[in-house]
Amino acid sequence: MKKKILSALLAGTMGVTGLLAPAMSVAAAPSDVSDFDQLISELKSEENELSNKVDALQKKIKKNEEEAEKLVEEMQETEDTLTELRTEIEDLKVAIEERELLLEDQARALQIVGESGNVVNFVLEAKSLSEMVGRVDVVNKVVSSNKQTIDKQEEDKAMVESKEKETVKKQEEQSKLAGKLETNKTLLEEQKAEQESVLAKVAAEKENAQDEKNRLIAQAKEAEERRAALASVRTENVQTVSNTNSETGSDSSSSSEKPVTTASGSKAAAPAPAAAPAGGSVISAAQSLVGIPYNYGGTTTAGFDCSGFTVYAFRQAGRSLPRTAAGQYAATSRISRSQAQPGDLVFFRQGGGIDHVGIYLGGGRFIGSQSSTGVAVSTIDSGYWASSFVGFGR
């Protein structure tokens, strides 16, 4: 019932009745207030159902936003850990250098004490047993000290290697976190767009139904006023009523034959197309931003995320891009490595979908806003980005 009424309703209000199939007759349209009351009631019921779905969706969006905020905090903690690891590595390197100097000094001291450079001769040249025991003790202490220093040296070297591996691992984890944030952000934007579309559709249907109901009520009121006026004339003079009935009958017939004025069906003129933006160098704009820190959701020079950086750089060159990495991937055409040129986009997949983007510089290098470095130049041919590289877009 609702779909039939709504189809006829929209046809009437849009002024497109003549474009419908022949089977769609005027009789199919709502003919009285009760029909519109039924339609509005059904729309209200649908609106309540959608409102419950919207509430559930809003809760889900809030939960996703909370998870995103938590991920941002984790990224900051990771960055702090990376800073501490770099400091520890530098301290360990200094300690290693100092011990190497100490080992060299001890070796020289042993040679000097032994005079001839031979430890055995140093012991045997003792003039008494007590002196020999003392010299053996000296040699043992020097050798023991050297062994402890060497052992500590090897231990610290192993620690440095472990710390360096841990640093690389943390950087990769941080990049994956940034990718997850990008994916969550894309999902949130899609959900919000869907919510707005559904709510706008229901609101438009209700508004059209209410407008048509009000129009029908106004027509009924006008007809009742005409009927009352004619009845008043008949009571004053029967003859006059007879003559008037003849005249007003014609008028009423003429009036009833007049088409009901509806909302204008004329189409608004299409807006003139926007002028093409001025050209410019995407590469120059991108390179001028090197050093700006990473910021989740950032789109300004105070801090960029990966897609915020590419949007900003392209805008400076007079060109526009969708807001997210996934959106930019969908809006561009795939090109091969041999076709790629400086200024093309380069895409990566760290998680389940396209979640990182940069600007190709040529020679296997690209510039982008990475969570671990901010805006910086990286390579797609080795290291972390080589394993998550997807392709180029133009």
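Above this text sits the structure in question.
Since the model is a prediction, treat every value here as computed from it, not as a measurement.

1. Re the overall build of the protein chain
Helix and strand counts for the protein chain stand at nine helices and eight strands. Counting only residues that meet the buried cut, the protein chain has 33% of its 394 residues in that class. A separation of at least 24 residues holds for 64% of the contacts in the protein chain among residues at least 6 apart in sequence. Summed over its atoms, the accessible surface of the protein chain is roughly 23,800 Å², and 53% of this surface lies on carbon and sulfur atoms.

2. Some thoughts on empty space enclosed by the protein
Empty space among the atoms can be located by rolling a probe the size of a water molecule over them. Throughout the structure, instances matching the rule amount to one cavity of 30 Å³ or more. Its volume calculated, the largest cavity comes out at about 30 Å³. Taken together, the residues of the lining of the largest cavity break down into three nonpolar, three polar and two charged.

3. Digging into the side chain of Thr-310
Mapping Thr-310 onto the fold places it in helix α7 (residues 306-316). For Thr-310, the residues in contact, after removing those within four places along its chain, are Leu-321, Gln-328, Leu-345, Val-357, Gly-358 and Ile-359.

4. Here's the deal with the packing of aromatic side chains
One pass over the structure, following the stated rule, counts ten aromatic pairs. Relative to Phe-366, the ring of Phe-348 lies with its centre 5.0 Å away and its plane at 40°, an arrangement referred to as tilted. Placement of Phe-348 in strand β4 (residues 345-348) and of Phe-366 in strand β6 (residues 365-370) is noted, with a sequence separation of 18 residues between them. By the burial criterion, Phe-348 is buried, and Phe-366 matches it. For the pair Tyr-384 and Trp-385, a centre-to-centre distance of 5.0 Å together with 75° between the ring planes defines the contact as edge-to-face. The buried category is assigned to Trp-385, whose relative accessible area is 9%. Put simply, the rings of Phe-348, Tyr-360, Phe-366, Tyr-384, Trp-385, Phe-389 and Phe-392 touch in pairs and so form one group of aromatic residues.

5. Comments concerning the pairing of strand β8 (residues 389-393)
Here strand β3 (residues 334-335) runs beside β8; their pairing, made up of two bridges, is antiparallel. Residue pairing in the sheet places Arg-334 in a bridge with Gly-393 of β8. For β4 and β8, the ladder comprises four bridges, and the chain directions are antiparallel. Considered in β8, the bridge of Phe-348 is made with Phe-389.

6. Points about the environment of Met-75
Looking at the secondary structure, you find Met-75 in helix α2 (residues 33-114). On the basis of relative accessibility, which here comes to 6%, the residue Met-75 falls in the buried class. Between the C-alpha atom of Met-75 and that of Leu-177, which follows or precedes it by 102 residues, the distance is 7.2 Å.

7. Some thoughts on the pattern of salt bridges
Under the counting rule described, the total for this entry stands at six salt bridges. Between Arg-323 and Asp-305 there is a salt bridge whose closest N-O contact spans 3.1 Å. Of this pair, Arg-323 sits in the loop between α7 and α8 (325-331) while Asp-305 sits in the loop between β2 (303-304) and α7; the two residues are 18 residues apart in sequence, bridging distant segments of the chain. You can call Arg-323 partly exposed: its relative accessible area is 23%. Arg-337 is the salt-bridge partner of Asp-381, the closest N and O atoms lying 3.2 Å from each other. Of the two residues, Asp-381 sits in the loop between β7 (374-379) and α9 (384-388) while Arg-337 sits in the loop between β3 and β4, which places them 44 residues apart along the sequence. The class of Asp-381 is partly exposed, set by a relative accessible area of 45%.

How each quantity is defined
- Residues numbered from 1 in each chain as written.
- Predicted model: local features only at pLDDT ≥ 70, side-chain atom pairs only at ≥ 80, totals over all residues.
- Heavy atoms only, no water.
- Helix = DSSP H or I, 4+ residues; strand = E, 2+ residues; numbered from the N terminus.
- Buried < 20%, exposed > 50% of the residue type's maximum accessible area, 1.4 Å probe, protein only.
- Contact = heavy atoms within 4.5 Å.
- Areas by Shrake-Rupley, 256 points an atom, 1.4 Å probe, with all protein chains shown as cover.
- 1 Å grid on protein atoms, 1.4 Å probe; cavity = no way out; pocket = protein on both sides within 12 Å on 5 of 7 lines; lining within 4 Å.
- Points joined across faces, edges and corners; volume = space filled by probe spheres on them.
- Nonpolar A, V, L, I, M, F, W, Y, C, P; charged D, E, K, R; others polar.
- Phe/Tyr/Trp six-rings, centres within 6.5 Å; stacked < 30°, edge-to-face > 60°.
- Pairing = 2+ DSSP bridges.
- Salt bridge = Lys/Arg side-chain N within 4 Å of Asp/Glu carboxyl O.

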